[in-house]
Amino acid sequence: MNQEIERRRTFAIISHPDAGKTTLTEKFLLFGGQIQVAGAVKSNKIKKTATSDWMEIEKQRGISVSTSVMEFDYTPDGKNIEYKVNILDTPGHQDFAEDTFRTLTAVDSVIIVVDGAKGVETQTRKLMTVCRMRKTPVIIFVNKMDREGRDPFDLLDELEKELEIKVRPLSWPINQGAKFKGVYNIYEQKLDLFTPDKQRVTEKVEVEIDSEELDKRVGEQDAEKLREDLELVDGVYPEFDVETYRSAEVAPVFFGSALNNFGVQELLNCFVEIAPSPRPTKAEEREVQPEEQKFTGFIFKITANIDPNHRSCIAFCKVCSGKFQRNQPYLHVRQGKTMRFTSPTQFMAQRKSTIDEAWPGDIVGLPDTGGIFKIGDTITEGEQLHFRGLPSFSPELFKYIENDDPMKAKQLQKGIDQLMDEGVAQLFVNQFNNRKIIGTVGQLQFEVIQYRLENEYNAKCRWEPVHLYKACWISSDDEKELENFKKRKYQYMAKDKEGRDVFLADSGYVLQMAQQDFEHIQFHFTSEF
Ligand code: GDP
């Protein structure tokens, strides 16, 4: 079992849309032998479509089911360990950022792709916040070096400042854009020369940094510049220490071009070597070690089937400890029920197949024919465990949801409940007027909800505007002040799905005043506290 755990690398590649996540993922799969030609992996990006074109969006959503987890075995050249790589895909569209946040709870590390010309963009900054909260180790890949970009030193400064993490370059570019000649691999002390060609792998040469060979290869001027840069790198950045990476204090940085397959294998080789194998998982009751004999796992994502005649879902379960086995009786802790899973699946680049067993770090797909699982559910061999760490973020957009077909009130209620369990959006019930408010991070989610209610639950809803700035969870050690607050703000108090108190602030000013007037009350912008 220890061997199985040791060789697993479960991670996500994250980026701002268009930085090159899909391209990099595809190149990884090429090295893993999962696909033979470039272009075989579909981007699961949901492109902006007209509201009327719902089937199109559903079709695009469907793609993300099969490419949700990509796994392959990989042995770097000259090594005799076979790694099992599990890449968890995340939706590119920012309206589905919640999905990505949740996926980050199931990974042991992350690779962040940054566009070398654009630097750190909004989505990257947000995702990094989650990594910091969870102390997830990150490696940064600066992509598109074949284009004119920023000065690498400036870029590193920006990464440190914007992502709030120390960085340590492990490779260094020789020029960029049209004059890009390659990178010096600081980690392996090798020179990787660039040949701008999509199909061919780069030429690798072992060159001493002070040798004449370097001048011959890249020209005297660039060789000199490289030596100066590397000296500066060594002066400015502390020597690379794998422990500071694993404890999420320092992020190693690689430069390359995913499209040209340049710097990608170097990244992958270093990644499998230094990235952590499955880490312990925190539960309410205790910390669970991957090496424990008994199986435990939790659901971090649920994906609906796009076929309306087959209203089943797939629940994605991350194995936290022990060995998962097909057909074994397991406890669904929230429901207090014992269940057997007859057809658990694993995911390959373009297909999924039934599996008999899975190890810590693996993701198992469990078919759900309706309402069995909720995001965050724990499965064990009998122990009462509740895994933690699936935060809900304060949504950014709010609308009242109203029933538009009085005959279908029940269906609507059921639909809303299940969609919220799937984590499509968040529901708040205003305690003053009992109206239901749906909170999302993007407009698209409202459209998805309306469409799915109609198609899957035969219910009709209508949206009505509600003017809100933020919803925040409140807590306090001072019971009296909490009661007082709730009384004073009774029109603005709501309950979330778990029955927790939520304050609905209609402006930034109101929120600020509330924070000032009620010193002993904590206002939380994530529900994990
Ligand atoms: P994602 O949204 O992060 O998944 O980005 P994609 O992988 O779909 O890439 C976005 C665009 O950037 C595509 O047109 C890619 O062909 C292009 N691209 C990706 N990597 C590179 C690169 O290294 N150099 C250049 N010039 N373009 C790239």
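- By the naming in an unreviewed UniProt entry, the chain goes by Peptide chain release factor 3 and is assigned to Prevotella communis.
- If you open the UniProt record of the chain and go to Function (unreviewed entry), you find "Increases the formation of ribosomal termination complexes and stimulates activities of RF-1 and RF-2. It binds guanine nucleotides and has strong preference for UGA stop codons. It may interact directly with the ribosome. The stimulation of RF-1 and RF-2 is significantly reduced by GTP and GDP, but not by GMP."

Some thoughts on unusual backbone geometry
Then step 1. The phi angle at Ala248 is positive, at roughly 65°, despite the residue not being glycine.
Then step 2. Relative to the helices and strands, Ala248 resides in the loop between helix H9 (242-246) and strand S11 (250-255).
Then step 3. Despite not being glycine, Asn434 has its phi angle at roughly 65°, a positive value.
Then step 4. Looking at the element boundaries, Asn434 is found in the loop between strand S25 (426-430) and strand S26 (436-440).

Side note on the sheet that holds strand S1 (residues 8-15)
Paired through their backbone hydrogen bonds, the strands of a sheet run either parallel or antiparallel.
Then step 1. Ordered by their spatial adjacency, seven strands build an open sheet running S2-S3-S1-S4-S5-S11-S6, and the pairing between neighbours is mixed. Whereas interior strands pair on both sides, the edge strands pair on one side only; in this sheet they are strand S2 (69-74) and strand S6 (166-169). Taken pair by pair, the neighbouring strands of this sheet meet at an average axis angle of 25°, ignoring direction.
Then step 2. By the bridge criterion, six bridges tie strand S4 (residues 109-115) to strand S5 (residues 138-143) in an arrangement that is parallel. Its bridge partner being in S5, Ile111 is matched across the sheet by Ile139.
Then step 3. Here helix H6 (residues 152-163) sits on the sheet and contacts S4, S5, S6 and S11; the angle it forms with S6, its principal contact strand, is near 150°.
Then step 4. Running at roughly 175° to S5, helix H10 (residues 264-274) makes contact with S1, S2, strand S3 (83-88), S4, S5 and S11 of the sheet.

Examining the pattern of salt bridges
Should their charged atoms come close, side chains of opposite charge can pair.
Then step 1. Here the structure, examined in full by the defined rule, presents 41 salt bridges.
Then step 2. For Lys216, the salt bridge identified is with Glu213, shortest N-O distance 3.9 Å. With Lys216 and Glu213 both in helix H7 (residues 212-218) and three residues apart, this pair spans about one turn of that helix.
Then step 3. Note on Lys216: relative accessible area 69%, which makes it exposed.
Then step 4. Residues Arg227 and Asp215 are paired through a salt bridge, measuring 2.8 Å at the closest nitrogen-oxygen approach. In this pair, Arg227 is assigned in helix H8 (residues 220-236) and Asp215 in helix H7, connecting sequence segments 12 residues apart. The burial state of Arg227 is the same as that of Asp215; both residues are buried.
Then step 5. Among the ionic contacts, a cluster of salt bridges with common partners joins Glu4, Arg7, Arg8, Glu71, Asp73, Glu82, Lys84 and Asp362.

What counts and how
- Residues numbered from 1 in each chain as written.
- Predicted model: local features only at pLDDT ≥ 70, side-chain atom pairs only at ≥ 80, totals over all residues.
- Heavy atoms only, no water.
- UniProt positions renumbered as here; feature names shortened; annotations may be inferred.
- Helix = DSSP H or I, 4+ residues; strand = E, 2+ residues; numbered from the N terminus.
- Pairing = 2+ DSSP bridges.
- Axes fitted to C-alpha atoms, helices over the stretch in contact; angles between N-to-C directions.
- Contact = heavy atoms within 4.5 Å.
- Salt bridge = Lys/Arg side-chain N within 4 Å of Asp/Glu carboxyl O.
- Buried < 20%, exposed > 50% of the residue type's maximum accessible area, 1.4 Å probe, protein only.

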